[in-house]
Amino acid sequence: IGDGGHCKSVIDVIEQEGKFSIAGIVTDKNSKVTNVLGHKVIGDDLKLPNLSNIYKYALITVGQIYSSETRVRLFTLLTDLGYILPSIISPRAYVSKHARIGSGTIIMHDALVNANAIVRDNCIINSKAIIEHDSIINNHCHISTNATVNGNVVVEKGCFIGSGATTKNSIEIKKNSFFKA
């Protein structure tokens, strides 16, 4: 669900991961996009209830910078409609077998999620991001490109950690915070 730049990056990860085939793209009702990287648009947000009778899985491919509001709304809608939101992990990422990844979360190329880290639901762990040991990334967060969340950090829900930002160890980042490097 989504047709912008983040959607293109997610398509690349899904294609490389090889666990799912993409049935099509669902756009915002005002979008003029008809296909993304060769994947046709099969409807808009208003068609999601009908599409749930045909498709079992969905993934939110709308990015998140200033607010998680759109991703939260779509996540709630999709789960209420009974869609399964899988976690997608790039084959070029490293996720420790001792880490946990929530539903609807994407781990992008060259990201690292270390031992005993938890990344909850509907998160974006973007390209080359690092989530260190014992950290918790709560629902609906975006850890941007080349950002580092050091060990034993709690990132509360709805946060954005910008490209290249680095946290200190053992801190708590409050709900809906916006950090840039």
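Relevant structure appears above.
So, here is what we can say about the structure in this document.

The number of helices and strands found in the protein chain is 3 helices and 18 strands. The C-alpha radius of gyration computed for the protein chain amounts to 16 Å, which stays within 12% of the reference 16 Å derived for 181 residues, consistent with globular compactness. Projected onto its principal axes, the C-alpha positions of the protein chain cover 45 × 30 × 25 Å. The buried share among the 181 residues of the protein chain stands at 44%. Put simply, 28% of the contacts in the protein chain that link residues at least 6 apart link residues at least 24 apart. Here the protein chain displays about 9000 Å² of accessible surface, and carbon together with sulfur accounts for 49% of that area.

Here 6 strands make up an open sheet; going across it, the order is E4-E7-E10-E13-E16-E18 and the pairing parallel. Because the sheet does not close on itself, it has two edges, and the strands there are strand E4 (88-89) and strand E18 (178-179).

In this section: unusual backbone geometry. Excluding glycine, residues mostly carry a negative phi; peptide bonds, for their part, are mostly trans. The phi angle at Leu37 is positive, at roughly 50 degrees, despite the residue not being glycine. Here Leu37 shows up in the loop between strand E2 (35-36) and strand E3 (39-44). Residues other than glycine seldom take positive phi values, yet Asn116 does so here, at roughly 65 degrees. Of note, Asn116 is situated in the loop between strand E8 (112-113) and strand E9 (118-119).

Our focus in this paragraph is the sheet that holds strand E6 (residues 100-101). The strand order E6-E9-E12-E15-E17 describes an open sheet built from 5 strands, whose pairing is parallel. Edge positions in the sheet fall to E6 and strand E17 (172-173), since each of these pairs with one other strand and no more. With 2 bridges connecting them, strand E15 (residues 154-155) and E17 associate as parallel partners. Counted as the bridge partner of Val155 is Ile173 from E17.

In an α-helix, one turn spans 3.6 residues, which is why side chains three or four residues apart end up on the same side. Taking 1.5 Å per residue, 13 residues should reach 18 Å; helix H1 (residues 5-17) reaches 19 Å between its end C-alpha atoms and fits that length. Looking only at H1, the buried set comprises His6, Cys7, Val10, Ile11, Val13, Ile14 and Glu17. All buried residues of H1 fall inside an arc of 165 degrees around its axis, so they share one side. Phi for Gly18, located one or two positions after H1, is positive at around 80 degrees.

If you look at the biggest cluster of nonpolar residues, it comprises 22 residues, and the most contacted ones within it are Val113, Ile125, Ile131, Ile137, Ile143, Val149 and Val155. Discounting chain neighbours no more than four positions away, the residues touching Val155 are Ile136, Ile137, Asn138, Cys141, Val149 and Ile173.

Right, let's get into the pairing of E3. Pairing analysis gives 3 bridges linking strand E1 (residues 25-27) to E3, with the strands arranged parallel. Pairing of Ile25 across the sheet is with Val41, part of E3. With 2 bridges connecting them, E2 and E3 associate as antiparallel partners. Its bridge partner lying in E3, Asn35 is registered against Lys40. Once E2 ends, the chain turns through 2 residues before running back antiparallel as E3, passing Leu37 with a positive phi of about 50 degrees.

Here we come to the environment of Asn126. Inspection of the secondary structure puts Asn126 in the loop between strand E10 (124-125) and strand E11 (130-131). When the C-alpha positions of Asn126 and Thr76 are compared, they lie 22 Å apart, and in sequence the two are 50 residues distant.

One pass over the full model with this rule turns up 3 aromatic pairs. Seen from their ring centres, Tyr66 and Phe178 are 5.2 Å apart, and the 20 degrees between their planes marks the pair as stacked. With Tyr66 in the loop between helix H2 (48-51) and helix H3 (69-80) and Phe178 in strand E18, the pair connects residues that are 112 residues apart, well separated along the chain. We classify Phe178 as partly exposed; its relative accessible area is 36%. An aromatic cluster is defined as three or more aromatic residues linked by ring pairs; in this entry it consists of Tyr66, Phe160 and Phe178.

Definitions and limits used
- Residues numbered from 1 in each chain as written.
- Predicted model: local features only at pLDDT ≥ 70, side-chain atom pairs only at ≥ 80, totals over all residues.
- Heavy atoms only, no water.
- Helix = DSSP H or I, 4+ residues; strand = E, 2+ residues; numbered from the N terminus.
- Rg over C-alpha atoms; globule rule 2.2 N^0.38 Å.
- Buried < 20%, exposed > 50% of the residue type's maximum accessible area, 1.4 Å probe, protein only.
- Contact = heavy atoms within 4.5 Å.
- Areas by Shrake-Rupley, 256 points an atom, 1.4 Å probe, with all protein chains shown as cover.
- Pairing = 2+ DSSP bridges.
- Expected span 1.5 Å × (residues − 1).
- Arc of directions from axis to C-beta.
- Core = buried A, V, L, I, M, F, W, Y, C linked by side-chain atoms within 4.5 Å.
- Phe/Tyr/Trp six-rings, centres within 6.5 Å; stacked < 30°, edge-to-face > 60°.

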